[in-house]
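Observations on the model geometry
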Amino acid sequence: MDTLYRLGIDIGGTFTDALVMDHQNRVIAALKTPSIAAAPEQAIFNVLDQLKANGVNIREIDLFVHGTTLGVNTLIERNGAVTGLLVTKGFRDILEIRRLRLEDTTNLYGDKTDPLVPRHRVKEVDERVIASGRILQPLNQEQLLQAVHELVEDGVTALAISFLHAYVNPAHEQLAEDLIRERYPQLFLSRSSAIWPQQREFERTLATAMNAYVGERMGSYFLRLQEGIQAYGLKANLLSTMSNGGIMTAARAANEPVRTLLSGPASGVIAATHIAERAGIHQVITFDMGGTSVDVALIDKEPTYSSENKVGDFPVIIPAVDVTAIGAGGGSIAWLDSVGVLKVGPRSAGANPGPACYQRGGEEPTTTDAYLQLGILHADRFLGGQMRLYPELAERALSNLGEKLGLNAEHTAQAILDVATANMYAQFSPLMARKGVDPRDFTLLAYGGAGPMHAFLMAREVGIGRVLIPPSPGTLCAMGCTVANLRNDFVYTLHKSTQTLVSGELGSLFAELENQGRSWVDEEARGGVKLDNIYCLYSTDMRYEGQAFDLEVTLTLEEIEDPKKAGMKFHSSYQNVFGISQPEAEVMFVSLRATIVGVLPTHNTVVPVNLPFDESEAEERIITFDHVQQTAKVLKRRQIPMVDAPIPGPIIVEEYDTTIFIPPGFKVYQDAHGNVIGEVEA
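Structure report, in brief. (Residues numbered from 1 in each chain as written. Predicted model: local features only at pLDDT ≥ 70, side-chain atom pairs only at ≥ 80, totals over all residues. Heavy atoms only, no water.)

A closer look at the overall build of the protein
What the protein contains, in helices and strands, is 17 helices and 35 strands. Computed over the C-alpha atoms, the radius of gyration of the protein is 26 Å, within 12% of the 26 Å expected from 2.2 N^0.38 for a compact globule of 682 residues. By principal-axis analysis of the C-alpha atoms, the protein measures approximately 80 × 60 × 55 Å. Across the 682 residues in the protein, those meeting the buried criterion constitute 55%. Looking at the protein, you have 58 positive and 83 negative side-chain charges, and the mean spots of the two groups are 2 Å apart. (Helix = DSSP H or I, 4+ residues; strand = E, 2+ residues; numbered from the N terminus. Rg over C-alpha atoms; globule rule 2.2 N^0.38 Å. Buried < 20%, exposed > 50% of the residue type's maximum accessible area, 1.4 Å probe, protein only. Lys, Arg positive; Asp, Glu negative; His and termini not counted. Charge placed at Lys NZ, Arg CZ, Asp CG, Glu CD.)

Right, here's the structure in full:
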């Protein structure tokens with residue numbers, strides 16, 4: 001039986017977005033409701049109430065996937081559980097020492113990041129496993145339990161276990177977990193060999209500590225949510241999004257919350273990939289503009305992934321969709337520096353007090369105030385008319401800043417947009433250069449509450465010739481929840497050269513990783529998740545012998561069976577990245593990676609009915625843009641014509657969840673999938 005309804009919910013810092021799709025992938029409801037920081041699950045219950053009021057039968061939802069910023073906010077705000085850490089004797093300072101690298105190599109006086117677990121809650125235990133996996137010194141069980149007793153007496157409620165070389169032999173960590181669970185069942189436990197068994201002691205230990213730090217809070221949240229949705233009669237298995245763009249059961253997410261930290265931005269990228277594939281566009285740069293920043297990701301048929309992401313002050317080694325935050329957002333505050341130069345951001349007005357035009361106490365001008373002043377935003381149509389804006393407050397804030405610049409409110413507003421765009425360009429261009437791409441070859445796919453409003457300005461600045469705005473762009477991250485697949489990553493530290501590998505060794509090790517992955521998929525699907533098929537992706541971290549940094553290389557089954565072919569592929573990849581290679585040098589296989597994917601059923605998108613464009617339906621509004629008063633057409637998305645009859649800007653498209661602004665110099669049309677596409681006029 002096909003899925004009748006799919007419900008995707010993305011809980012953001014300001015709004016909780018929801019999207020319901022039917023079995024033909026048609027969006028039947030898109031909602032936004034304020035997030036509730038003290039009780040995130042309550043926003044979901046509010047969504048369910050709205051869906052019931054709109055005639056959606058909650059009992060007919062059989063796929064419910066949601067993402068939440070609870071874990072990442074807990075880390076950033078440092079309000080997680082009181083956490084302890086057990087380490088091998090001699091490694092008490094592993095979180096203090098980190099990598100001994102300066103965050104800013106030009107600043108010798110940078111502040112040191114406070115460790116997630118303070119030193120007095122890190123306990124050393126006598127035990128030692130050497131790099132080969134052989135046990136050199138047995139685990140001192142009495143000492144272990146005494147250390148845990150002291151931590152519990154100190155108020156610890158969550159405990160991380162990270163012993164030396166546990167990635168190759170987890171016996172001591174498993175024994176420690178069993179002993180502690182028997183004596184202290186109330187503790188939330190997290191061991192490194194279960195979270196991410198990869199060589200790199202600091203990153204492995206940190207990931208384990210992060211998991212313990214947020215796990216208790218996430219677990220209680222999922223429990224409250226599960227009880228609540230059952231009371232509503234929602235019988236679908238509760239699923240959660242992951243940082244790698246996949247989904248897993250909420251029960252698993254409660255035990256391994258570190259895998260969900262970057263799930264919000266990842267969900268948007270997965271949805272963007274789905275939209276681009278349907279539109280037949282293979283090279284895309286995502287432009288997710290919210291209240292504070294713009295999240296940018298690269299899609300070349302598939303999203304790019306990274307194992308060097310950061311959450312706040314902390315590096316995260318577990319693979320995630322490669323998303324970079326740049327520039328300013330809709331709530332970024334405009335201000336003057338010490339020499340009177342106009343700046344925009346990085347400080348944001350947030351949701352409270354918010355931009356001056358919100359009438360919530362904010363007095364400093366923001367990007368949103370600038371758009372309102374120029375006439376691009378309409379005071380009575382923000383968020384579908386549910387939230388009124390106050391132009392007089394925006395004008396007052398802009399005028400106060402403009403007096404110091406010798407500008408009126410309109411010129412100040414234009415200057416804010418110009419500076420915000422310049423900020424984005426200054427960070428965007430080097431980012432694209434590091435990734436080795438020319439952005440002019442790509443389509444800019446914009447979403448988020450402010451993305452469709454600013455995307456064409458960014459495209460004009462960079463030289464990108466095409467911009468795509470998907471349906472319901474303000475709730476695209478929620479859509480990502482409904483189109484994501486079961487997906488998980490598995491790793492094995494090998495650290496062997498092509499000379500020391502035994503014949504067939506790579507193949508057997510990858511087969512073991514794939515078996516782990518397929519077992520994981522089977523467990524996750526037991527809750528009623530239907531799958532079309534399962535497949536596995538293979539890669540390895542490689543380096544030249546003697547080097548300290550790795551290069552990840554994807555492998556085919558043929559290359560796995562013949563390590564020499566894998567080595568040749570590494571030489572080629574190294575040449576592409578660094579411009580040189582050493583084909584005669586010995587190559588090391590450092591870590592093996594397998595990504596298992598359980599594909600959920602999908603359906604062809606229904607072609608929307610195209611209504612003929614009627615000029616008489618279009619409103620007109622006088623706006624000020626580029627310091628010139630202009631007449632802009634104000635349309636609904638359904639009024640945008642198809643590809644054979646594009647219309648020129650300036651155009652304002654007003655929607656429930658966003659406003660699209662197409663400036664002069666672009667022509668715009670709608671494709672067969674309901675995407676608004678703007679292209680530079682010849």
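Examining the packing of aromatic side chains
In total, this model carries 10 aromatic pairs according to the counting rule given. Taking the centre distance of 5.2 Å and the plane angle of 55 degrees together, the rings of Tyr221 and Phe222 count as tilted. Here Tyr221 matches Phe222 in class, with each residue buried. Considering the side-chain rings of Phe625 and Phe661, the 5.1 Å spacing of their centres and the 75 degrees angle between planes classify their relative orientation as edge-to-face. Of this pair, Phe625 sits in strand E29 (residues 619-625) while Phe661 sits in strand E33 (residues 659-662), and the two are 36 residues apart along the sequence. Each member of the pair, Phe625 together with Phe661, is buried. One aromatic cluster in this structure is built from Tyr544, Phe570, Tyr574 and Phe578. Of note, Arg388 hangs over the ring of Tyr390, and the distance from its end group to the ring centre comes to 4.7 Å. (Phe/Tyr/Trp six-rings, centres within 6.5 Å; stacked < 30°, edge-to-face > 60°. Lys NZ or Arg CZ within 6 Å of the ring centre and 35° of its normal.)

Some details on the environment of Asp126
Structurally, Asp126 can be placed in the loop between strand E6 (122-125) and strand E7 (128-129). Distance from Asp126 to Thr624, taken between C-alpha atoms, is 71 Å for residues 498 residues apart in sequence.

What about the environment of Cys481?
Residue placement: Cys481 occurs in helix H14 (residues 476-483). Between the C-alpha atom of Cys481 and that of Ile270, which follows or precedes it by 211 residues, the distance is 8.3 Å. Setting aside anything within four residues of it in sequence, one finds Cys481 in contact with Gly8, Ile9, Val65, His66, Gly67, Thr241, Ile247 and Ser267. (Contact = heavy atoms within 4.5 Å.)

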